[in-house]
Amino acid sequence: QVQLVESGGGLVQAGGSLRVSCAASGRTFSNYAMHWFRQAPGKEREFVAGINWSGGKVYQDSVKGRFTISRDNPKNTVYLQMNSLKPEDTAVYYCAAVSLYGDRAYPLDQALYDYWGQGTQVTVSS
């Protein structure tokens, strides 16, 4: 059973930091591209950051310089370090994995991802 499990969300004040994690199980994900998305209430799910199998990274403009995506292949885990958080970062954060486009750090059509996590809530208070 392949699973992606996010953790590390929570409530933080504006300007604070959080690190969310996505642990993969059931297979090795070292050749997968791993991406983070988020969905705020009443809004569509949007791309946040992506990392390909070789470590190439892409970020949404609104998080550049504040968020850092990384991966630890031996641990089958991808991280999203979020600094200088803003209330508009409040959302459910999801990780997604894709094998066929493992070299892509750029976002793909969401239907192309092989696996999705269940999401973790991040709330930033003003």
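Now for a look at the structure at hand.

**Quick word on the sheet that holds strand β7 (residues 67–72)**
Backbone-to-backbone hydrogen bonds join strands into a sheet, with any given pair of strands oriented parallel or antiparallel.
Piece 1. Taken together, four strands build an open sheet; the order of strands is β1-β3-β8-β7 and the sheet is antiparallel. The open sheet has two edge strands, β1 (3–7) and β7, and neither has a second partner. Averaged over all pairs of adjacent strands, the angle between their axes in this sheet comes to 15°, without regard to strand direction.
Piece 2. Relative to strand β3 (residues 18–25), β1 is paired through five bridges, and the arrangement is antiparallel. Across the sheet, the residue bridging to Val5 is Ala23, located in β3.

**Quick look at the state of the cysteines**
Piece 1. On inspection of all chains with the given rule, the structure shows one disulfide.
Piece 2. What pairs with Cys22 in a disulfide is Cys95, and their sulfur atoms sit 2.0 Å apart. Every disulfide takes its handedness from the sign of the S-S torsion; for Cys22 and Cys95 that torsion is 55°, giving right-handed. Taken together, the residues Cys22 in strand β3 and Cys95 in strand β9 (residues 91–98) connect sequence positions 73 residues apart.
Piece 3. Looking at Cys95, the relative accessible area reads 0%, which means it is buried.

**Some words on the nonpolar core**
Piece 1. Residues Met34, Trp36, Leu80, Met82 and Tyr93 are the most contacted members of the largest nonpolar core, which totals 28 residues.
Piece 2. If you list the elements that add at least two residues to this core, you get β3, β4 (33–39), β5 (46–51), β7, β8 (77–82), β9 and β11 (120–125).
Piece 3. Counting residues in hydrophobic clusters, the runner-up holds nine residues, among them Phe37, Val98, Ala105 and Tyr113.

**Section: the environment of Thr77**
Piece 1. As for its position among the elements, Thr77 is in strand β8.
Piece 2. Separated by 49 residues in the primary sequence, Thr77 and Thr28 place their C-alpha atoms 10 Å from one another.
Piece 3. Here Lys75 takes part through its backbone oxygen, which lies 2.8 Å from a polar atom of the side chain of Thr77.

**Structural notes on the packing of aromatic side chains**
Piece 1. Going through the model one piece at a time under the given rule, you end up with seven aromatic pairs.
Piece 2. Between Phe37 and Phe47, the ring centres sit 5.8 Å apart and the planes meet at 80°, which makes this aromatic pair edge-to-face. Of this pair, Phe37 sits in strand β4 while Phe47 sits in strand β5, and the two are 10 residues apart along the sequence.
Piece 3. Among the aromatic residues, those joined into a cluster by ring pairs are Phe37, Phe47, Tyr113 and Trp116.
Piece 4. In this structure, Arg45 is placed above the aromatic ring of Tyr94, and the distance from its NZ or CZ to the ring centre is 5.2 Å.
Piece 5. Its end group placed over the ring of Trp116, Arg45 keeps NZ or CZ at 3.8 Å from the ring centre.

How each quantity is defined
Residues numbered from 1 in each chain as written. Predicted model: local features only at pLDDT ≥ 70, side-chain atom pairs only at ≥ 80, totals over all residues. Heavy atoms only, no water. Pairing = 2+ DSSP bridges. Helix = DSSP H or I, 4+ residues; strand = E, 2+ residues; numbered from the N terminus. Axes fitted to C-alpha atoms, helices over the stretch in contact; angles between N-to-C directions. Disulfide = S-S within 2.5 Å. Buried < 20%, exposed > 50% of the residue type's maximum accessible area, 1.4 Å probe, protein only. Core = buried A, V, L, I, M, F, W, Y, C linked by side-chain atoms within 4.5 Å. Polar contact = N/O pair within 3.5 Å; in protein donor to acceptor, adjacent residues only side chain to side chain. Phe/Tyr/Trp six-rings, centres within 6.5 Å; stacked < 30°, edge-to-face > 60°. Lys NZ or Arg CZ within 6 Å of the ring centre and 35° of its normal.

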